[in-house]
Amino acid sequence: MGLRSEGRSSPYRVVPVLEWALLALFAVAPLLVADYIAVFASRLLILAMLAISFDLVFGYAGIMSFGQALFFGAGGYGVALLARDLGISSAFAALPAALLIGLALGWLVSAFLLLGRHPPSVIFVALGTLTASFAAEELARSWYYLGGQNGIPSIPVLTAGGYEFSDIPFYYLVLGLFVLVYAGSRALTRSQFGLALAGIREQEARIGFFGYRVEVFKVIIFAVAGAVAGLAGGLYAFHEGFVWPSILGVVLSTQIVLYCLFGGTGTLVGAILGVIAIEGLSYALSERFPTIWPVLLGVLLLLVILFLPGGIISLLVSERERVGDFGLLRRMARRGGRVPS
Amino acid sequence: MQRTKPDREGQARIPRRHVLRSAAWMAGAVATGAGSWVIPARRSFGAAPIKVGIATDLTGAIGIAGNSDLNVAKMCADLINKSGGLLGRPIELHVEDTASNEGIAVGNVRRLIQRDRVDVVLGGITSSMRNAIKGPIVERGHTLYIYPQLYEGGECEKFIYCTGPTPAQQCDDLIPWLVQNSGKRFAFPSANYIWPHRLNQYARNLVQKHGGEVVFEEYYPLDQIDYGATVNRIMTNNVEVVFNTVIPPGVGPFFKQLYEAGFLKRGGRLCCVYYDENDLNINAPQEIEGLASCLDYFRALDKTEPDSAKIQAEYQAMFPDTKYLFAAGSAATGMYRGMMLWAEAVKAAGKLDRDSVAAALDHASIAVAPGGPAEMVPGKRHCRMRMYIAVAKNGSFDIVDQSKGLVDPREC
Amino acid sequence: MSLLEARGIVKLFGNLCALDDVSLTVEPGQIHGLIGPNGSGKSTLLKCVAGALFPNAGRVAFQGTDITTASPPERARAGVGIKFQITSVLPGLTVFDNVLLALQARGGVLDLILSRTRGALAERAMRMLAHFHLTERAGEVAGALSHGEQQWLEIAMALAPEPALLLLDEPTAGMSLEERRATGEFLRPLADRCAIVIVEHDLDFIRDICGVLTVLDQGRVVETGSVAQIQASARVQEVYLTRV
């Protein structure tokens, strides 16, 4: 009873509704649509995972990473090499490997860019991550061991024991992992750690004077986001059956930023909407307007970013709900009503 | 084998798609005047059409080549349908844009396989694109794939058939010709990707075998524009033949800088085996005078080869105002051979399942194709064809030599 | 042993000498006022103590330890809290979360990830808000508070980690008379818990709550002493008469 009335008066309504609606939609999608659309939906989920990794660093910690594709591509190349050179296509080996590669790289890059006596400027971090992504793409392009320009083709289907994850089972595997990543990210960003991230995002210079070692928080969230991107990259490699230099590069990195700006940052669910909107549009537009679809998509992106700076999520979710609180007030109110809300 | 699920898709999806497509047609016609995405067979056939997937780069960096490939595919489909179709059925093209972007390509190509359930896919221009789409087509899609572009060789996977020239076909006649006509001192300035590496490897052996030497072999970033140091090296080392694999955008400035340094004046020879009529206008005619290329077809053949002339004329008639030339370097000729060899194979097999068509395609041959007849090398999944050496003269190519009979691809 | 001993602090901004051999000593339990005309170096001195600026010469000792080169988080963890002149509450967060943000700052990262300290800190946060009469506003976003309330929230945040030394840069700036009086009421009892250094322009406010005053002018200390001593000082009179 108390819970209900609180729910009506509090601003927290839209995001959970969106989340559950999306989950229900994705859970039943393969039953409703043709297989090839379900396969396309796997790709959406993988890219959404990648977009979430960007939202974690930018939307929550305010770190402008223009290099998320680096971790994604590294995870992808990692599992491609495992499959090509060692014949490993087991989910139990390949996916943790992709995750760890992303984690390690995320830690390395952020330790290099973010540690230091004075907080680095946004431009420095943006250019630093962009450069790392660019360098990785160039490296992959010119290194024969990685297949050079032609990438690594013929990655087998992901397996577990003797089981092969063909189209629909792979979709549900991706969905399952996505839900785990999403729930983990949601818990992290609404924890006390998430509160500290909000402090970094809004008043980075100030909160050091409370005793926060800001760099430590940034490196942690960057490494976590790297791990998420790496896992997504590993899944992507198995999904496409192919990795190539562009999945490490600047274009994809920028595209990730676009997903999040289009959908709206700092809500997690906005990143998913951005991916669905952009990928869905380009999928549909490329079918109907064969010659000019990239232009149409570009104009649309520009319009949304100009006139809806908060992304499409801002049409649905208030700023108050977006920033949210960190669980405690409502919990206390529920427990004894000692805090008026 | 095709997996079938006709009822659910057939009933639930067509009306909605029909409506959407009608709306999109109107909008599309207003915006671009562009045609349909599915190029339907003519109505006079009673039987259900055979579906041919075309996956090529209609937009993006190499959209020009991709569009000429699509035009050729349309032309071939038209020719086949006019002569009665295959097995009494018309063929219908299903087109997907690979957008010069492997990430977009894989998703779009899956539509051909999983939604349209095409019987064969032709397309892909770069090797990285071939690598990207062969998984969904062949390995996971269990569908036949025909790759039309000249390339570095080495694609030996089952059910992938290559109809463009290989390094052997482009070099076996050309290198001896160069040694004989231009000199023994070669330089290999190259763009740093796989095709130049493999091609140079093959060409270097031939140069040495015929008594020439490679003065230097260097690889530059794909977007390098300034070649001052390279030109200097060519001039000071008395290089006689520049066997170039630098690609646009760098190739134009490179040739210009070479010309200005006096390389052509002192009798030097440019050579570039991907150069076709499309590339001749990158530089002023005098800057590339005497440039030698070796391909399976040149426009100049129209004077001597009635079959080639007829194909070229048909293309002009079907696409009178097109800016996309029917030329060898953009895989247009490979596309023609691919479509026609596959059609022959279907006729010979008498059915459409992958294994039967592949078995027939393995030794298919056609008498009429741009540049002359062509045939598959049994068991090798590559194509024998005639090769021509042409030299740029005042802005167009002149044929100076041609192979004796069909040249072997020497692959797999 | 004094709580804070800053000795011979010199701070240069280019050619401008903002602090020229300034010393400041603060004893436990003291409410120490820092006054002087505009540009006399009061805020600069506070920032050198908190670690927002690093002096060109001199040393800062806190509880007997040299912290001259320590980073702001290190100083905060040692027990120095500061409220800057410009309010920097997080306007999008609730009042409660603002205080919690300050309270949990010294916790371990793992505790924060697992939200282990939430329950225990909540009680303290509410006590802190109660002290500044902000209990009713706990669930509202900080941006909805009045300017005065935001200043109080800011003081509450600086005070939340229980520092041994609290530095307040113009806590009553922009406040109404009534709010200034309330601010004095809030601050006076805090002397039991920590020493406070206050930079203020409002001399009445300073006279009301400060035990010791230091007067700065042009980057130098003019006089240090009790309120009565300062009021009697001819040198201080001269500074204020000629410059203010």
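The model shown is predicted, which means the values in this text are computed figures rather than measured ones.

## Things to note about the overall build of chain B
A tally of regular secondary structure across chain B gives 12 helices and 16 strands. Looking at chain B residue by residue over its 412 residues, the buried ones come to 51%. Residue pairs in contact within chain B that sit at least 24 positions apart in sequence constitute 72% of those at least 6 positions apart.

## Section: the pairing of strand 7 (residues 185–191) of chain B
All names here are of chain B. For strand 7, the tally of buried residues reaches 6 of 7 residues, placing the bulk of the element in the interior. The pairing of strand 7 with strand 8 (residues 213–220) spans 7 bridges and is classified as parallel. Within the sheet, the bridge partner assigned to A191 lies in strand 8 and is Y220. The parallel pair strand 7 and strand 8, bridged by helix 7 (residues 194–209), forms a crossover whose chirality is right-handed.

## Comments concerning the environment of I288 of chain B
Residue and element names in this part refer to chain B. Looking at where I288 falls in the secondary structure, it is placed in the loop between strand 10 (269–271) and strand 11 (292–295). A sequence separation of 56 residues divides I288 from E344, and the C-alpha atoms of the two residues are 40 Å apart. Not counting residues up to four positions away in its chain, the partners in contact with I288 are F255, L270, N283 and A392.

## Digging into the pairing of strand 10 (residues 220–226) of chain C
Residue and element names in this part refer to chain C. Bridge count for strand 9 (residues 212–217) against strand 10 is 6 bridges, and the pairing is antiparallel. Each residue of the ladder has a partner; that of D217, found in strand 10, is R220. Hairpin connection, strand 9 to strand 10: the antiparallel pair is bridged by 2 residues, and Q218 has positive phi, about 50 degrees.

## With respect to the nonpolar core
Counting residues in each nonpolar core, the largest one holds 312 residues, and the members touching the most others are A48, M49, A51, I221 and V228 of chain A together with V99 and A156 of chain C. Counting residues per element, this core draws most heavily on helix 3 (residues 35–60) of chain A, at 18 residues. Excluding its chain neighbours within four sequence positions, the residues that come into contact with M49 of chain A are F178, V181, V228, L231 and A232 of chain A.

## Focus: the interface of chain C and chain A
At the junction of the two partners, chain C supplies 32 residues and chain A supplies 31 residues. Looking at the side of chain C that touches chain A, the elements that each hand over two or more residues are helix 2 (72–78), helix 3 (95–103), helix 4 (109–113) and helix 5 (118–131) of chain C. Looking at the side of chain C that touches chain A element by element, the count peaks at 5 residues for helix 3 of chain C. Counted by class, the side of chain C that touches chain A contains 20 nonpolar, 7 polar and 5 charged residues.

## Details of the confidence of the model for chain C
A residue-level look at chain C finds 98% of positions with pLDDT of 70 or above and a mean pLDDT of 90. Of all helices and strands in chain C, the one with the weakest mean pLDDT is helix 10 (residues 234–243) of chain C (76), whereas strand 8 (residues 195–199) of chain C scores best (94).

## Quick word on the environment of E240 of chain A
Residue placement: E240 of chain A occurs in helix 9 (residues 214–240). Overall, E240 of chain A belongs to the buried group, with 27 C-beta atoms counted inside 10 Å. Each C-alpha atom, one on E240 of chain A and one on G102 of chain A, is 19 Å from the other, the two residues being 138 residues apart in sequence. With residues up to four places along the chain from it excluded, the contact list for E240 of chain A reads V106 and G135 of chain B.

## Structural notes on the interface of chain B and chain A
The partner chain A presents 28 residues to the 31 residues of chain B that form the contact. The set of elements that each furnish at least two residues to the side of chain B that touches chain A consists of helix 1 (6–31), helix 3 (102–115) and helix 4 (127–139) of chain B. Top element by residues in the side of chain B that touches chain A is helix 3 of chain B. It accounts for 9 residues. Taken together, the residues of the side of chain B that touches chain A break down into 10 nonpolar, 12 polar and 9 charged.

## Quick notes on the sheet that holds strand 14 (residues 383–385) of chain B
All names here are of chain B. Read across the sheet, 3 strands follow the order 12-13-14 without closing on themselves; strand pairing throughout is antiparallel. Among the strands making up the open sheet, the edge pair consists of strand 12 (365–366) and strand 14. With 2 bridges connecting them, strand 12 and strand 13 (residues 374–376) associate as antiparallel partners. Within the sheet, the bridge partner assigned to I366 lies in strand 13 and is A374.

## A short note on the arrangement of the chains
By contact count, the leading pair among the 2 pairs of chains in contact is chains A and C. Nothing in chain B touches chain C; the tightest C-alpha to C-alpha distance between them is still 36 Å.

## A closer look at unusual backbone geometry
For the peptide bond that leads from P248 of chain B to P249 of chain B, omega is 5 degrees, which places it in the cis range. Unusually for a residue other than glycine, E162 of chain C sits at a positive phi of about 55 degrees. Mapped onto the secondary structure, E162 of chain C falls in the loop between helix 6 (147–159) and strand 7 (165–169).

## As for the packing of helix 11 (residues 332–349) of chain B against helix 12 (residues 354–361) of chain B
All names here are of chain B. Contact geometry for helix 11 and helix 12: axes closest at 8 Å, N-to-C directions at 115 degrees. When the axes of helix 11 and helix 12 are compared, the pair comes out roughly perpendicular. By crossing handedness, the relation of helix 11 to helix 12 is classed as right-handed. Contacts between helix 11 and helix 12 pair L341, W342, A345, V346, A348 and A349 from the former with S356, V357, A359, A360 and L361 from the latter.

Basis of the calculations
- Residues numbered from 1 in each chain as written.
- Chains lettered and ligands numbered in written order.
- Predicted model: local features only at pLDDT ≥ 70, side-chain atom pairs only at ≥ 80, totals over all residues.
- Helix = DSSP H or I, 4+ residues; strand = E, 2+ residues; numbered from the N terminus.
- Buried ≥ 20, exposed ≤ 12 C-beta atoms within 10 Å, placed from the backbone.
- Contact = placed C-beta atoms within 7 Å.
- Pairing = 2+ DSSP bridges.
- Right-handed = clockwise from strand over helix to strand, strands pointing away.
- Core = buried A, V, L, I, M, F, W, Y, C linked by C-beta atoms within 7 Å.
- Nonpolar A, V, L, I, M, F, W, Y, C, P; charged D, E, K, R; others polar.
- pLDDT = per-residue confidence, 0-100.
- Axes fitted to C-alpha atoms, helices over the stretch in contact; angles between N-to-C directions.
- Parallel < 35°, antiparallel > 145°, perpendicular 65-115°, else oblique.
- Left-handed = near helix turned anticlockwise from the far one by under 90°.

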